[in-house]
Amino acid sequence: MKTELLYLTLVTVLTGLLWVPYILDRIAVRGLLDTVGYPENPKPQPPWAQRLMKAHSNAVENLVVFATLVLTASALGITGSTMAAAAAVYFWARVVHVIAYTFAVPWVRTLAFAVGFFAQAVIAWLILVR
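If you're wondering where the values come from, they're calculated on a predicted model, not measured in any experiment. (Residues numbered from 1 in each chain as written. Predicted model: local features only at pLDDT ≥ 70, side-chain atom pairs only at ≥ 80, totals over all residues. Heavy atoms only, no water.)

Colleague: Hey, could you go over the nonpolar core for me, with residue numbers and the actual values?
Modeller: Of all hydrophobic cores here, the largest spans 20 residues; its most connected members are Leu8, Val11, Phe66, Val70, Ala73, Ile123 and Ile127. Broken down by secondary-structure element, the contributors of at least two residues to this core are α1 (3-17), α4 (47-75), α5 (81-102) and α6 (106-128). Take this core: its biggest share by element is 7 residues, from α5. Those residues in contact with Ile123 that lie beyond four places of it in its chain are Phe66, Leu69, Val70, Ala73, Met83, Ala86 and Ala87. With 8 residues, the next largest nonpolar core counts Leu18, Tyr22, Ala49 and Ala55 among its residues. (Core = buried A, V, L, I, M, F, W, Y, C linked by side-chain atoms within 4.5 Å. Buried < 20%, exposed > 50% of the residue type's maximum accessible area, 1.4 Å probe, protein only. Helix = DSSP H or I, 4+ residues; strand = E, 2+ residues; numbered from the N terminus. Contact = heavy atoms within 4.5 Å.)

Colleague: Tell me about the packing of helix α2 (residues 19-30) against α4, and name the residues and values.
Modeller: In the contact formed by α2 and α4, the axes pass within 9 Å of each other and the chain directions differ by 145°. As for the relative orientation of α2 and α4, their crossing is left-handed in sense. Together, Trp19, Pro21, Tyr22, Asp25 and Arg26 of α2 and Trp48, Ala49, Leu52, Met53 and His56 of α4 make up the contact between the two elements. Classifying every residue of the contact of α2 with α4 gives 7 nonpolar, 1 polar and 2 charged. (Axes fitted to C-alpha atoms, helices over the stretch in contact; angles between N-to-C directions. Left-handed = near helix turned anticlockwise from the far one by under 90°. Nonpolar A, V, L, I, M, F, W, Y, C, P; charged D, E, K, R; others polar.)

Colleague: Describe unusual backbone geometry, with residues and values.
Modeller: With phi around 60°, Ala104 is a residue other than glycine that occupies positive phi space. Tracing the backbone through its elements, the reader meets Ala104 in the loop between α5 and α6.

Colleague: Quick rundown of α1? Include the residues and the values.
Modeller: Between the first and last C-alpha of α1 there are 21 Å, a value that for 15 residues agrees with the 21 Å anticipated at 1.5 Å per step. All buried positions along α1 are accounted for by Glu4, Tyr7, Leu8, Val11 and Thr15. Looking straight down α1, one finds that the buried residues subtend no more than 105° of arc, so they occupy a single side. Lining the buried residues of α1 we find α4 and α5. (Expected span 1.5 Å × (residues − 1). Arc of directions from axis to C-beta.)

Colleague: Describe the packing of aromatic side chains, listing the residues and the values that go with them.
Modeller: How two aromatic rings sit relative to each other is given by the distance of their centres and the angle of their planes. Scanning the entire structure with this criterion turns up 3 aromatic pairs. Taken together, a centroid distance of 5.7 Å and an interplanar angle of 45° make the contact between Tyr7 and Phe91 tilted. One end of the pair, Tyr7, is in helix α1; the other, Phe91, is in helix α5, and 84 residues separate them in sequence. Here the aromatic cluster, defined as three or more aromatic residues joined through ring pairs, consists of Tyr7, Phe91 and Trp92. It is Arg109 that lies over the ring of Tyr101; its NZ or CZ is 4.5 Å from the centre. (Phe/Tyr/Trp six-rings, centres within 6.5 Å; stacked < 30°, edge-to-face > 60°. Lys NZ or Arg CZ within 6 Å of the ring centre and 35° of its normal.)

Colleague: Kindly report on a nonpolar patch on the surface, identifying the contributing residues and their values.
Modeller: A contiguous nonpolar patch, built from Leu24, Ile27, Leu32, Leu33 and Val36 and spanning about 520 Å² of accessible area, is present on the exposed surface. At the level of secondary structure, the elements contributing two or more residues to the nonpolar patch comprise α2 and α3 (32-36). In terms of residue count, the dominant contributor to the nonpolar patch is α3 (3 residues). Position of Leu32 among the secondary structure elements: in helix α3. Given a relative accessible area of 53%, Leu32 falls into the exposed group. (Patch = residues over 30% accessible without salt bridge, like charges linked within 9 Å, V, L, I, M, F, W, Y side chains within 5 Å. Areas by Shrake-Rupley, 256 points an atom, 1.4 Å probe, with all protein chains shown as cover. Salt bridge = Lys/Arg side-chain N within 4 Å of Asp/Glu carboxyl O.)

Written as structure tokens, this is what we have:
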């Protein structure tokens, strides 16, 4: 498997698992019936869980862009060390982003997002100059 496809898989797995902690917290806070139901006045979750839910939404939104770029590059036969490095940087930037977002580390969160965006821009550039 190409390195960039490995990192696409890892980003997808990470994004696909981000819901687990905040749903487990929701069960602990609200109980199972209110978690699976539609309570009129649900108990609020702690701030970390609310932030993780937002980080998860952000990860889903950015996965669409990253996956499209990686799969387009792969279909065009674009590979190599720059492509692999950009994919790896994107993955680790997303890991840092979700941790910083969840634990309310504002400058780190923003920097991690910017690094991830730059990694996507590198992949887009590789496609456009082909």
